[in-house]
Amino acid sequence: GMVRHYKFNVVLKNTTRLCSTKPIVTVNGGFPGPTIYAREDDTVLVKVVNHVKYNVSIHWHGVRQLRSGWADGPAYITQCPIQPGHQFIYNFTITGQRGTLWWHAHILWLRATIQGALVILPKRGVPYPFPRPQKEQVIILSEWWKSDVEAVINEALKSGAAPNVSDAHTINGHPGPVSSCPSERGFTLPINPGQTYLLRIINAAMNEELFFKIADHTLTIVEVDAVYTKPLKTDTIVIAPGQTTNALLTGDRRTGKYMVVASPFMDAPLAVDNTSATATLHYSGTLASTTTTLTTPPPKNATSIAANFTKALRSLNSKKYPALVPLKIDHSLFFTIGLGVNPCATCATGVRVVADINNVSFVMPTISLLQAHFFNISGVFTDDFPANPPRKFNFTGTQPTNLGTMTGTRLYRLSYNSTVQIVLQDTGMITPENHPLHLHGFNFFEVGRGLGDFNPKKDPKKFNLVDPVERNTISVPAGGWTAIRFRADNPGVWFMHCHLEVHTTWGLKMAFVVDNGKGPNESLLPPPSDLPKC
Ligand code: C2O
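Every value quoted in this text rests on a predicted model; they were computed, and no experiment measured them. Throughout this description, residue numbers start from 1 for each chain and increase along the sequence as written. Totals for whole chains, interfaces and linings use every residue, but because this is a predicted model, local features are given only for residues with pLDDT of at least 70 and side-chain atom pairs only at 80 or more, for both listing and counting. Working from all heavy atoms in the structure, the side-chain values ignore hydrogens and water.

**Some remarks on the pairing of strand E13 (residues 209-214)**
Note the following rule: Residue exposure (1.4 Å probe, protein chains only): buried if accessible area is under 20% of the type maximum, exposed if over 50%, otherwise partly exposed. Helix and strand assignments follow DSSP, with helices taken as H or I runs no shorter than four residues and strands as E runs no shorter than two, numbered in order from the N terminus. Only when DSSP finds a minimum of two bridges between them are two strands counted as paired.
Among the six residues in E13, six count as buried, and that is most of the element. By the alternation rule, side chains of E13 split into Glu-209, Phe-211 and Lys-213 and Leu-210, Phe-212 and Ile-214, which are all buried. As paired strands, E13 and strand E18 (residues 257-265) are joined by six bridges and run antiparallel to one another. The residue bridging Glu-209 from the neighbouring strand is Phe-265, located in E18. Two strands pair when backbone bridges link them, and E13 and strand E16 (residues 236-239) are joined in this way by four bridges, in the antiparallel orientation. In the strand pairing of E16, Lys-213 is matched with Thr-236.

Now the structure itself:
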């Protein structure tokens with residue numbers, strides 16, 4: 001492959017949305033930021049220069065980072081952050097992956113505005129396993145707060161309560177007209193009659209799963225999280241924060257303007273941003289004055305639409321792109337995930353909302369875990385993360401009497417190339433809620449999902465071990481469970497967390513430490529010389 005050079009200047013930029021202007025932290029001044037293009041096998045070098053007052057780090061969401069964990073990006077997990085006035089060159093090779101991924105800040109809540117697409121084209125001369133589209137278009141779905149986003153989360157942490165929901169959703173940076181700002185412009189997607197477009201859709205929102213649809217048009221899903229799928233026709237896409245979806249769109253209406261809409265899906269009685277972001281699909285030759293054909297997004301609690309969509313997704317599992325599902329399992333883990341409350345002396349209510357995996361609210365260390373692992377620095381983490389929840393749980397009925405969590409920087413150790421199954425169970429300690437769990441450093445297969453409590457006797461018999469969808473972020477249904485499998489073939493320290501940013505902040509995160517293997521290509525490479533210091 002070739003080497004691709006990018007330069008990311010992290011700078012403040014005055015930006016106007018919803019009829020008001022505020023400075024936001026951006027890469028090169030854009031919201032969203034620049035798209036990175038590469039081909040499979042290419043090496044990507046991104047020089048990040050920090051010109052703002054915040055510490056910064058950038059994560060290449062979904063990039064496997066085989067042996068190059070130093071470039072993964074989560075602050076205090078694989079690196080110390082890039083301090084104001086400093087720089088770091090992320091250097092990684094894209095191996096065995098092609099499709100749509102993305103990048104975002106991985107510290108504080110900066111990813112609200114530091115985000116962009118990462119497009120990996122197939123190797124030269126290798127076709128897509130679907131009819132070749134005439135054009136391609138990145139579609140980034142996100143959220144917008146009128147106030148300063150760091151202030152929003154800091155106030156919430158002080159009070160112990162939930163942060164304010166965003167003021168709008170966005171499509172490629174724009175909410176479209178809303179009642180509080182009717183002049184707000186929306187993104188326009190131009191299309192030629194009869195042509196087929198590949199939409200590379202990314203959910204970069206902070207705290208909400210989304211529905212996405214286009215009036216009077218059917219979409220054909222061909223890839224999720226940079227893994228090809230069996231073609232799936234649908235009029236509505238469900239996409240969780242962190243997930244990416246490639247869909248073919250054919251301009252078969254030939255003329256007119258059609259509403260594109262992104263709206264929240266949240267199967268929980270919690271406060272969400274209820275606004276829909278709108279954009280316009282505009283056929284070439286159609287007059288600007290033409291009335292737009294509208295569509296209604298599903299209601300925010302349209303659980304069955306989400307469940308049916310997720311159930312229908314399958315790996316392509318072709319000869320060229322096989323689904324290598326681990327059949328024999330070395331580590332069988334059961335993780336409860338949910339929200340709880342801990343006592344808080346300084347909070348008005350006397351408690352603060354917390355979140356956990358297996359009753360542990362993860363505490364961020366003050367130097368990076370990967371450095372602690374690589375250089376054998378003791379006292380930074382323990383490798384005793386529980387394989388099963390220490391406390392009894394139930395997702396409905398009588399809630400457990402103890403809603404509190406333990407705290408710790410506890411990791412789970414895996415030997416190189418061992419196979420792992422994790423059942424992720426939403427506990428609903430406060431209330432059931434969707435949790436899009438993201439694993440760094442690996443793709444995994446979603447072999448099963450269901451509602452209620454996982455049944456270890458019955459449910460595994462129904463697992464799909466043939467063509468389950470393969471991805472890096474999975475939405476655990478509210479009051480339900482999912483089972484995932486992967487092979488620990490990537491040495492390093494790998495973060496796993498809920499991609500609802502508020503849950504990550506509250507502690508719904510943990511990490512795996514994967515030891516080096518015995519072979520020559522099975523160990524983590526040494527750290528780059530410019531790796532930031534804490
Ligand atoms: Cu997209 Cu750890 O994040």
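**Quick word on the domain arrangement of the chain**
Which entries qualify depends on this criterion: Domain start and stop positions are those given by an automatic or database domain assignment. In what follows, residue pairs with any heavy atoms lying within 4.5 Å of each other are defined as contacts. Within this document, salt bridges are pairs made up of a side-chain nitrogen of Lys or Arg and a carboxyl oxygen of Asp or Glu, the two lying within 4 Å of each other. For this analysis, a polar contact is any N or O atom pair within 3.5 Å, provided that within protein one partner can donate a hydrogen and the other can accept it, and provided that sequence-adjacent residues contribute only side-chain to side-chain pairs. Only Asp, Glu, Lys and Arg are considered charged in this grouping, and only Ala, Val, Leu, Ile, Met, Phe, Trp, Tyr, Cys and Pro are considered nonpolar; every other residue, Gly among them, is considered polar.
Each domain of the chain was delimited in the assignment, giving domain 1 (1-127), domain 2 (130-315) and domain 3 (331-514). For domain 1 versus domain 3, the distance between C-alpha centres works out to 25 Å. At the interface, 25 residues of domain 1 touch 28 residues of domain 3. Put simply, domain 1 and domain 3 have two salt bridges between them. The interface formed by domain 1 and domain 3 holds 19 residue pairs in polar contact (both at pLDDT 80 or more) in total. Of all the secondary-structure elements, those providing two or more residues to the side of domain 1 that touches domain 3 are strand E5 (58-61) and strand E7 (99-105). Residue contributions to the side of domain 1 that touches domain 3 peak at three residues, all from E7. The residue makeup of the side of domain 1 that touches domain 3, split by class, is 11 nonpolar, 10 polar and four charged.

**Looking at the side chain of Ser-263**
Inspection of the secondary structure puts Ser-263 in strand E18. Apart from the residues within four sequence positions on either side, Ser-263 is in contact with Glu-209, Leu-210, Phe-211, Ser-276, Pro-297 and Pro-298.

**Observations regarding helix H1 (residues 149-159)**
Think of an α-helix as 3.6 residues a turn; residues three or four steps apart then line up on the same face. Stated formally: The directions considered for the arc are those from the helix axis to the C-beta atoms.
The set of residues buried in H1 consists of Val-149, Glu-150, Val-152, Ile-153 and Ala-156. Viewed end-on, H1 has its buried residues packed into an arc of 160 degrees, placing them on one side of the element. Turned more than 90 degrees away from the buried face of H1, the exposed residues are Glu-155 and Lys-158. On the buried face of H1, the contacting elements are strand E2 (20-27) and helix H4 (501-506). N-cap assignment for H1: the residue whose side-chain oxygen lies 3.3 Å from the backbone N of Glu-150 is Asp-148.

**Quick notes on the sheet that holds strand E6 (residues 87-93)**
Spelled out, the test is: Helix axes are fitted only over the stretch in contact, all axes being lines through C-alpha atoms; the angle between N-to-C directions runs from 0 to 180 degrees.
One open sheet accounts for four strands, arranged E2-E1-E4-E6; its pairing is mixed. Of all strands in the sheet, those with a lone pairing partner are E2 and E6, marking the two edges. Ignoring which end each strand starts from, the neighbouring axes of this sheet average 25 degrees apart. As defined by bridge partners, strand E1 (residues 3-17) adjoins E2 across eight bridges and the pair is classed as antiparallel. Note on E2: the bridge partner recorded for Thr-16 is Thr-21.

**Quick word on the sheet that holds strand E30 (residues 473-476)**
Strand order in this open sheet of five strands is E25-E33-E32-E27-E30, and the pairing throughout is mixed. Both edges of this open sheet fall to strand E25 (411-414) and E30, since each of them pairs with a single strand only. Pairwise comparison of adjacent strand axes, ignoring direction, gives a mean angle of 20 degrees for this sheet. Judged from the four bridges that link them, E25 and strand E33 (residues 509-514) form a sheet pairing that is parallel. The residue of E33 that forms the bridge with Leu-414 is Val-514.

**A closer look at unusual backbone geometry**
Residues Phe-31 and Pro-32 are joined by a peptide bond in cis, for which omega reads -5 degrees. As for its placement among the helices and strands, Pro-32 is situated in the loop between E2 and strand E3 (36-39). At Arg-67, a position not held by glycine, the phi torsion is positive, near 65 degrees. Considering the arrangement of structural elements, one finds Arg-67 in the loop between E5 and E6. According to the relative accessible area criterion, Arg-67 is buried, its value standing at 19%. In this structure, Asn-317 takes a positive phi of about 50 degrees despite not being glycine. Assignment of secondary structure puts Asn-317 in the loop between helix H2 (303-312) and strand E21 (331-343).

**Comments concerning the state of the cysteines**
Here is the rule: A pair of sulfur atoms, both from cysteines and within 2.5 Å, is called a disulfide here.
Taken as a whole and judged by the stated rule, the model has three disulfides. Here Cys-19 connects covalently by a disulfide to Cys-181, the sulfurs 1.9 Å from one another. Residues Cys-19 and Cys-181 are joined through a disulfide that is right-handed, its torsion about the S-S bond being 80 degrees. Placement of Cys-19 in the loop between E1 and E2 and of Cys-181 in the loop between strand E10 (168-171) and strand E11 (188-191) is noted, with a sequence separation of 162 residues between them. Since its relative accessible area comes to 49%, Cys-19 is described here as partly exposed.

**Looking at the nonpolar core**
So the rule is basically this: By nonpolar core we mean a set of buried residues, namely Ala, Val, Leu, Ile, Met, Phe, Trp, Tyr and Cys, connected to one another through side-chain atoms within 4.5 Å.
Core analysis: the biggest nonpolar cluster contains 46 residues, and Ile-58, Trp-60 and Tyr-90 have the highest contact counts within it. Here this core spans two domains, and each of domain 1 (1-127) and domain 3 (331-514) adds at least three residues to it. Here Trp-60 is in contact with Phe-8, Ile-36, Val-46, Gln-65, Ala-71, Asp-72, Tyr-90, Phe-92, Trp-102, Trp-103 and Leu-118, once residues within four sequence places are set aside. By size, the runner-up hydrophobic cluster in this structure holds 44 residues, among which are Leu-339, Ile-484, Phe-486 and Trp-494.

**Notes on the side chain of Glu-470**
Defined as follows: The charge count treats Lys and Arg as positive and Asp and Glu as negative. His and the chain ends do not count.
Take Glu-470: it is sitting in strand E29 (residues 470-471). For Glu-470, which is buried and forms no salt bridge, the nearest opposite charge comes from Arg-64, at a distance of 6.5 Å. One polar contact links Glu-470 to Asn-443, side chain to side chain, over a distance of 3.3 Å. When near neighbours in sequence (up to four residues on either side) are disregarded, Glu-470 contacts Val-224, Val-227, Ser-315, Asn-443, Phe-444 and Phe-445.

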